[in-house]
Amino acid sequence: MPEQLQLERVPPDIPAKEFFSKYVSKRTPVIISGLLDDPSFQGRKWTNLDYLAKKAGDVEVMVEPIHPTANQYGTDIERISVTFRAFLDSLRKEEGPYHYLTTQYSDEDPDAETVFPPPTNALKDEFPIVPRIMGNLFLQQVNLWLGKSKEGSSSGLHHDFHDNIYCLLKGRKRFVLFPPDEVKHLHPHGTLDTLHPNGLISYVDVPVRADGLSRRAACKARVRALERRIDGLKAKSKREGKGKGYSKEMKALMDAHDAALDELAELALDEQEGEDEVDDFDALMGDLDDFDEPDAGFSAHDDDQEGDEDDGDEEEEEWEEWKGIGHSDDESNSGGDMGDGSDSDADGMEEGSSAGEKEPKPNEPSSFSRIPTAYLHRHLGVPTTAALPPNVSPYEYAGLKETTDPYVVELFEGEMLYLPASWWHEVTSTSADASAGGNDFHMAFNYWFYPPDALDNYDAPYRDTLVWDYLRDKAAIDSGSREAAKNACMGKRARSSESVNGEGSKRVRR
């Protein structure tokens, strides 16, 4: 039986730079012995279900029924749409089965994720957009997790594509953790494409860069970022005249812009492979014109923002609502531009077959393991409520015996877990003691962040600075908040210059 390893513990007031240096940059999970210390974090209030219903009860959410035979969540069972208030009422029942509120996504368009899905969109004024402890990482999504299980219910073994800060508000959770490189032994549904140096796992059907962006999402952002710079340089020349080096700088920007458009066209053509040929260049570019309008500056959008130094802010442009990188409003092809991949992200994208026909959509995301939860628990010698499927042969999952010793983490109410992208985890959730006045449920709130790939640079943790500065600006403008704007500019102010090619600091792989 494998040995069960234990994680380090740190206090919640650990300086963000120290946290990055010791854990984020080392891609090492850690338990944080307290909740977020940001003044804006009010998550403790949410354990009062009456308060939660009053605050967010009218929003529609998707909840997951428990699998009738496997007795676990994280399966292909169809989810149900209900009001959040109705779901909260269902948790007050004495007897189950109970549904589970997990990450929210559209069954019709799994890529149409938002940064603040329901019910968190109704709670935005009660948590920080980026917690202090997470420094300069870029937010991908937040989620509220809520269910009820007296005996314990499992998520199934899987990994996420983003760095996770997991805040346990009620109940307890047992995490079984394996590092990303155990992908070779853990029998994922997907076919491995790349294990990036920062630990991020990329699959053949969901290829992503080390920073979690798809090539196409990153390329679209690069095109827009270069257009902003070109417009900014033109505006500056109108105000101050064409100074020395103007022609050389403009040529470099135009050449980089042409190269980005060529790459975008190639990616669009690759996605059209096996489908009707598309000759129209604009059609191949998808909805690039809808990504946003080029903007030479952004200081005019926030009167409270300080220190904006972008050139060419003569005109104020209207930016579209920011719904997250890879959102369907940004991408014409809902399958090819995910760039992210929260738990449900692997559903909709399959590589074309050799005959040019697309394979059937898989029942399970690429990032989920084929190993049955009950089999995993028996192998580790931990208690389980999951049911073993019939006719399971140990030879089907022989790789499990070849893994390194796992970490087994008991997380309790009022604690947090930092989990770097692509760390495998199986989570068993157990409700609070039923004697707690009927509040026998479990609740957690989590943040997902795009995984950093400049691991030696706290101020600028993403190598492609051209793309990420643009995305930070776009997110900050849409949020309209001083906090987000400050976060967006922080990395930019820390650097005195940046390359058109997006080359950030050198690296020392979700």
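Just so it is clear, the model here is predicted, and its values are computed rather than measured.

(A) Structural view of the overall build of the protein chain. For the protein chain, the count of helices and strands is 10 helices and 15 strands. About 22000 Å² of surface is accessible on the protein chain, with carbon and sulfur atoms providing 47% of the total.

(B) Molecular detail of the environment of Gly-199. Structurally, Gly-199 is set in the loop between strand 10 (192-195) and strand 11 (201-203). Residues Gly-199 and Ala-210, spaced 11 residues apart in sequence, show a C-alpha to C-alpha distance of 8.2 Å.

(C) Fine view of the packing of aromatic side chains. Taken as a whole, this structure holds 22 aromatic pairs when the rule is applied. For the ring pair Trp-145 and Trp-448, a centre distance of 6.2 Å and an interplane angle of 90° mean the geometry is edge-to-face. On the criterion of sequence distance, the pair formed by Trp-145 in strand 6 (residues 139-147) and Trp-448 in strand 15 (residues 442-449) is long-range, its members being 303 residues apart. The residues Trp-145 and Trp-448 share a single accessibility class, namely buried. Each residue in the set Phe-41, Trp-46, Phe-116, Phe-127, Phe-445, Tyr-447 and Phe-449 is aromatic and connected to the rest through ring pairs, giving one cluster.

(D) Up close: the side chain of Asp-38. Mapped onto the elements of the fold, Asp-38 is located in the loop between strand 2 (30-32) and helix 2 (49-56). The buried charged residue Asp-38 lacks any salt bridge, with Arg-132 as its nearest oppositely charged partner at 5.4 Å. A distance of 2.9 Å separates the side chain of Asp-38 from the backbone nitrogen of Arg-132, its partner in a polar contact. Apart from residues lying up to four places away in sequence, Asp-38 is in contact with Pro-128, Val-130, Pro-131 and Arg-132.

(E) Representation of the sheet that holds strand 14 (residues 424-430) in the model. On the basis of which strands lie adjacent, the open sheet formed by 4 strands has the order 7-14-9-12 and antiparallel pairing. The outermost strands of the open sheet, each flanked by one partner alone, are strand 7 (153-154) and strand 12 (407-412). The sheet contact formed by strand 7 and strand 14 spans 2 bridges and is antiparallel. Opposite Ser-153, over in strand 14, you have Ser-429 as the bridge partner. Strands strand 7, strand 9 (172-178) and strand 14 of the sheet are contacted by helix 8 (residues 373-380), whose axis makes an angle of about 95° with strand 14.

(F) Looking closely at the nonpolar core. Ranked by internal contacts, the top residues of the largest apolar core, which has 74 residues, are Phe-19 and Phe-84. Setting aside its immediate chain neighbours within four residues, Phe-19 contacts Val-10, Ile-14, Val-24, Val-30, Ile-32, Ile-133, Met-134 and Tyr-418. Counting 19 residues, the second largest nonpolar core, distinct from the first, contains Phe-161, Phe-178, Leu-186 and Tyr-375.

(G) Just helix 2, in detail. For helix 2, every residue scored as buried is listed here: Leu-49, Leu-52, Ala-53 and Ala-56. Buried residues of helix 2 fall within an arc of 100° about the axis and therefore sit on the same side. Facing away from the buried side of helix 2 by more than 90 degrees, the exposed set consists of Asp-50 and Lys-54. Looking at the buried positions of helix 2, the neighbouring elements they touch are helix 3 (84-90), strand 6 and strand 15. Two or three places before Asp-50, at the opening of helix 2, Asn-48 has a side-chain oxygen 3.0 Å from that residue's backbone nitrogen.

(H) The arrangement of unusual backbone geometry in detail. In this chain, Pro-118 is followed by Pro-119 through a cis amide linkage whose omega measures 5°. Relative to the helices and strands, Pro-119 is located in the loop between strand 5 (100-101) and strand 6. The phi torsion at Asn-391 lies on the positive side, around 60°, for a residue other than glycine. Mapping Asn-391 onto the fold places it in the loop between helix 8 and strand 12. At Ser-422, a residue that is not glycine, the phi angle is positive and equals roughly 70°. Assignment of secondary structure puts Ser-422 in the loop between strand 13 (416-419) and strand 14. Using a relative accessible area of 1% as the deciding quantity, one classes Ser-422 as buried.

(I) Up close: the pairing of strand 14. Counting buried residues along strand 14, 7 of its 7 residues qualify, which places the element largely inside the surrounding structure. Going residue by residue along strand 14, you find Trp-424, Glu-426, Thr-428 and Thr-430 tucked away on one face and His-425, Val-427 and Ser-429 tucked away on the opposite face as well. Sheet topology places strand 9 next to strand 14; 7 bridges connect them, and they run antiparallel. When the bridges of strand 14 are listed, Arg-174 appears paired with Thr-428.

(J) Seen up close, the pattern of salt bridges. Evaluation of the coordinates by the stated rule reveals 17 salt bridges. Among the ionic pairs, Asp-473 bridges to Arg-228, the shortest N-O distance being 3.4 Å. Placement of the pair is Asp-473 in helix 9 (residues 465-479) and Arg-228 in helix 4 (residues 215-240), with a sequence separation of 245 residues. No difference in accessibility class separates Asp-473 from Arg-228, as the two residues are buried.

(K) Seen up close, the environment of Val-427. You can see Val-427 is positioned in strand 14. On the accessibility criterion, Val-427 (8% relative accessible area) is buried. Each C-alpha atom, one on Val-427 and one on Leu-157, is 7.6 Å from the other, the two residues being 270 residues apart in sequence. The residues contacting Val-427, other than those within four sequence positions of it, are Ser-153, Ser-154, Ser-155, Lys-173, Arg-174 and Phe-175.

(L) Summary view of the confidence of the model for the protein chain. Per-residue confidence for the protein chain averages 78 on the pLDDT scale, and 70% of its residues sit at or above 70. The model gives residues 276-287 a pLDDT under 50, and that stretch makes 21 contacts with residues more than four places away or in other chains.

Calculation rules
Residues numbered from 1 in each chain as written. Predicted model: local features only at pLDDT ≥ 70, side-chain atom pairs only at ≥ 80, totals over all residues. Heavy atoms only, no water. Helix = DSSP H or I, 4+ residues; strand = E, 2+ residues; numbered from the N terminus. Areas by Shrake-Rupley, 256 points an atom, 1.4 Å probe, with all protein chains shown as cover. Phe/Tyr/Trp six-rings, centres within 6.5 Å; stacked < 30°, edge-to-face > 60°. Buried < 20%, exposed > 50% of the residue type's maximum accessible area, 1.4 Å probe, protein only. Lys, Arg positive; Asp, Glu negative; His and termini not counted. Salt bridge = Lys/Arg side-chain N within 4 Å of Asp/Glu carboxyl O. Polar contact = N/O pair within 3.5 Å; in protein donor to acceptor, adjacent residues only side chain to side chain. Contact = heavy atoms within 4.5 Å. Pairing = 2+ DSSP bridges. Axes fitted to C-alpha atoms, helices over the stretch in contact; angles between N-to-C directions. Core = buried A, V, L, I, M, F, W, Y, C linked by side-chain atoms within 4.5 Å. Arc of directions from axis to C-beta. pLDDT = per-residue confidence, 0-100.

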